[in-house]
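# Summary of the model geometry
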Amino acid sequence: MSNSATKSAIVTGASGGIGSAIAKRLAKDGFSVVVNYAGKPAPAQAVIAEIKAAGGQGIAVQANVENAEDVQRLFKESMDAFGRPDVVVHCAGIMPLFPIASGDVAAFDKVIETNLRGTFLVFAQAAQHVLEGGRIMAFSSSVLAKSFPTYGAYIASKAGVEGLVHVLANELRGRNITVNAVAPGQVQTELFLKGKSDARIDELKKMNPLERLGQPEDMANVVSFLAGPEGGWINSQVVRPNGGFVY
Ligand code: NDP
């Protein structure tokens, strides 16, 4: 971790359900937090207001993770404010669902650009700038193990994310930086709920033996652990906070 008084963390997609819980938790853990968002400034500003009201430090930075210049600017603005990051949590992602038979290549390309190319670009900057002893995380999904119909593009993109995680962990050999994927099961956010009937949500909820949906705070607990002093021996892993869904 850095020698500066305050550690810093960049969280992409930090205006969303899971990312906002992570940003607030890391601020509570003592990090200065950069709250990245793509298109909607109001939720990002609300996260910053909450962080500041609780005595923490943070800034909101707009950047589209699909765009190399945007991602470079995200890191530059973060470092201008708080110095080189100790922690990068790449949470931004989308999940449009459509069958492979649709042949909808525009929708496929969009998922790959946001989820996979976005991870490559964020990892490139993180690899250049994260301090020795730092932590890098990206979000995958437990749904990889289910191969549900209509999840093809999403699952392909997240399988790619997991591949990048293992390679980056090896590329950072010697710098004491961990790289891990967090792969949640169903978490009660806009991304998960959108387009699903109450009956389908209930069915998905009961697929884990705890019979509830994950909450964003369940994911923030995991990220806090991986970012904190006790998480340092976990490296190149896919951590699956999913309540037992999958098995
Ligand atoms: P939300 O839809 O609640 O939030 C998504 C976030 O990503 C928003 O902050 C959004 O910003 C941002 N975002 C989307 N596209 C871009 C982009 N091109 N550039 C920068 N930011 C972008 O989703 P969740 O919080 O549920 O999901 C977070 C992560 O967790 C995702 O990677 C998702 O795949 C993963 N995940 C989620 C699960 C779930 O059940 N919820 C399960 C497994 C994995 P804006 O609103 O400004 O566009």
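Everything here concerns the structure above.
Residues numbered from 1 in each chain as written. Predicted model: local features only at pLDDT ≥ 70, side-chain atom pairs only at ≥ 80, totals over all residues. Heavy atoms only, no water.

### Quick notes on the layout of surface pockets
Basically, it comes down to this: The distinction between a cavity and a pocket rests on a 1 Å grid over the protein atoms alone: a 1.4 Å probe fits inside a cavity but cannot get out, while a pocket stays open yet meets protein on both sides within 12 Å along at least five of seven lines, and a residue with an atom within 4 Å of a point counts as lining. Grid points are joined across faces, edges and corners, and a volume is the space filled by probe spheres set on the points. Starting at the N terminus, helices and strands are each numbered in turn, a helix being any DSSP run of H or I of at least four residues and a strand any DSSP run of E of at least two. In the scheme used here, Gly and all other residues not listed as nonpolar or charged are polar, with Ala, Val, Leu, Ile, Met, Phe, Trp, Tyr, Cys and Pro taken as nonpolar and Asp, Glu, Lys and Arg as charged.
The space that makes up the largest pocket amounts to roughly 1100 Å³. Forming the boundary of the largest pocket are 43 residues, of which Cys91, Ala92, Gly93, Ile94 and Leu191 lie nearest the centre. When contributions to the lining of the largest pocket are tallied by element, the ones reaching two or more residues are α1 (17-28), β2 (32-37), α4 (105-129), α5 (152-171) and α6 (190-193). Looking at the lining of the largest pocket residue by residue, the class counts come to 22 nonpolar, 15 polar and six charged. One number sums up the size of the second largest pocket: a volume of about 150 Å³. As for the second largest pocket, its lining consists of 13 residues, of which Gly214, Asp218, Pro241, Asn242 and Gly243 are closest to the centre. Residues belonging to the lining of the second largest pocket are distributed by class as follows: five nonpolar, six polar and two charged.

### Considerations on the sheet that holds β2
Two modes of strand pairing occur in sheets, parallel and antiparallel, and in both the strands are linked by backbone hydrogen bonds. For clarity, the cut-off: Strand pairing is assigned whenever DSSP detects at least two bridges linking the two strands. Residues are treated as being in contact if the distance between any of their heavy atoms lies within 4.5 Å. To obtain an axis, a line is fitted to C-alpha atoms, over the contacting stretch when the element is a helix, and the angle between two such axes runs from 0 to 180 degrees between their N-to-C directions.
Read across the open sheet, the seven strands follow the order β3-β2-β1-β4-β5-β6-β7; overall the sheet is parallel. The open sheet is flanked by β3 (58-62) and β7 (238-239), the only strands paired with a single partner. As paired elements, β2 and β3 share five bridges and run parallel to each other. The residue of β3 that forms the bridge with Val35 is Ala60. Contacts from α1 reach β1 (8-12), β2, β4 (87-90) and β5 (135-139), with the element oriented near 175° to β1.

### Description of the site of the ligand
What counts, and what does not: Nearness of a residue to a molecule or strand requires only that one of the residue's heavy atoms be within 4 Å of it. We define a polar contact as two N or O atoms separated by no more than 3.5 Å, with the added condition that, inside protein, one atom must be a possible hydrogen donor and the other a possible acceptor, whereas residues neighbouring each other in sequence contribute only through side-chain atom pairs. Per-residue and other accessible areas follow the Shrake-Rupley method at a 1.4 Å probe size, with only the shown protein chains counted as cover for residues. Assignment of a molecule to a cavity or pocket requires that more than half of its atoms lie within 2 Å of the corresponding grid points.
In the vicinity of the ligand there are 32 residues, among which Ser15, Gly39, Tyr154, Val187 and Thr189 approach most closely. Between Lys40 and the ligand, the recorded distance is 3.1 Å, taken from a backbone N or O atom to an oxygen atom. At 2.9 Å, a backbone N or O of Val65 approaches a nitrogen atom of the ligand. Relative to its unbound accessible area of 910 Å², the ligand is 90% covered by the protein chains. Assessed atom by atom at 2 Å from the grid points, the ligand resides in the largest pocket. Considering only residue class, the shell around the ligand consists of 15 nonpolar, 14 polar and three charged.

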